[in-house]
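This is what each chain is made of:
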Amino acid sequence: SAQAIAKKFALALGTLAWHMTSQTPIAQGHATECDAFLERALALRSGGDHAGAISLFKQRPGPCENDPRLEAELAMTEAWEGEYASSLARYEALLMRPLPDHQRKGVRHAYGRVLAWSGKWQKALTHYERMLAEDPHDREALRGRAFVFRAQGRHRSAREAYKHILDRWPDDEEALS
């Protein structure tokens, strides 16, 4: 089912924090406080306490209010809890902010996933196609497009998309599954 595929895709995603490194100026002098806060919230989430993580993310200290890593991880956690509207709104707000390219790319990947998980298949597909127009070798966007094809029951398109991934990355676990 599309829900089972989405769950598998969510587990493969893990955390966005690696896209959202401290290379971004958080709030001058507060990187350590924000990093520690992020670590606590992610520990709750990885322990399965998504509601606790969401609650903690929403209580972030003042110096961390504008940390895009925290906002992105809150959005992902909301998505895992099925709070798609809130998650999508957070990602859309993040995409309106000036972010370094590596962060913007991570947020765009996550936004596409949440569009797909929420059943907005055509919007997700259009989103991934736009990303691939900019970078035809974007592995995550290729995976996302293949996932959407598969979830839509477009089996031939999905097979072709996964084959394209495997031609470039023969050991890609997601494409092999």
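For the structure itself, look to the data block above.
Residues numbered from 1 in each chain as written. Predicted model: local features only at pLDDT ≥ 70, side-chain atom pairs only at ≥ 80, totals over all residues. Heavy atoms only, no water.

Q: Give a detailed account of the packing of helix α6 (residues 101-117) against helix α7 (residues 121-134), specifying residues and quantitative values.
A: Across the interface, α6 lies against α7 with an axial gap of 7 Å and an inter-helix angle of 155°. What the angle tells us is that α6 and α7 run roughly antiparallel. As α6 runs across α7, the sense of the crossing is left-handed. Contacts from K105, R108, H109, Y111, G112, R113, L115 and A116 of α6 reach α7 at W121, K123, A124, H127, Y128, R130, M131 and E134. Here the contact of α6 with α7 is composed, by residue class, of 7 nonpolar, 3 polar and 6 charged. (Axes fitted to C-alpha atoms, helices over the stretch in contact; angles between N-to-C directions. Helix = DSSP H or I, 4+ residues; strand = E, 2+ residues; numbered from the N terminus. Parallel < 35°, antiparallel > 145°, perpendicular 65-115°, else oblique. Left-handed = near helix turned anticlockwise from the far one by under 90°. Contact = heavy atoms within 4.5 Å. Nonpolar A, V, L, I, M, F, W, Y, C, P; charged D, E, K, R; others polar.)

Q: With reference to specific residues and values, describe the packing of aromatic side chains.
A: Tallied over the full model, the rule gives 1 aromatic pair. Geometrically, the ring pair formed by W121 and F147 is tilted, given 6.2 Å between the ring centres and 55° between the ring planes. Separated by 26 residues along the polypeptide, W121 in helix α7 and F147 in helix α8 (residues 139-151) bring together distant segments of the chain. Above the ring of W80, the side-chain terminus of R45 is found at 4.7 Å from the ring centroid. (Phe/Tyr/Trp six-rings, centres within 6.5 Å; stacked < 30°, edge-to-face > 60°. Lys NZ or Arg CZ within 6 Å of the ring centre and 35° of its normal.)

Q: Please provide a residue-by-residue account of the pattern of salt bridges, values included.
A: It is possible for side chains of opposite charge to pair when their charged atoms get near one another. A full pass over the atoms with the stated rule returns 15 salt bridges. Across the pair R69 and D67 runs a salt bridge whose closest N-O atoms are separated by 2.8 Å. The class for D67 is buried, based on a relative accessible area of 1%. As a salt-bridge pair, R90 and E71 come within 2.8 Å of each other at their nearest N and O atoms. Here R90, found in helix α5 (residues 84-96), pairs with E71, found in helix α4 (residues 68-80); they are 19 residues apart in sequence, far enough to count as distant. Of the residues examined, R90 reaches a relative accessible area of 18% and is grouped as buried. When its relative accessible area of 13% is taken as the criterion, E71 is described as buried. When salt bridges with common partners are traced through the structure, they connect R113, R139, E140, R143, D172 and E174 into a single cluster. (Salt bridge = Lys/Arg side-chain N within 4 Å of Asp/Glu carboxyl O. Buried < 20%, exposed > 50% of the residue type's maximum accessible area, 1.4 Å probe, protein only.)

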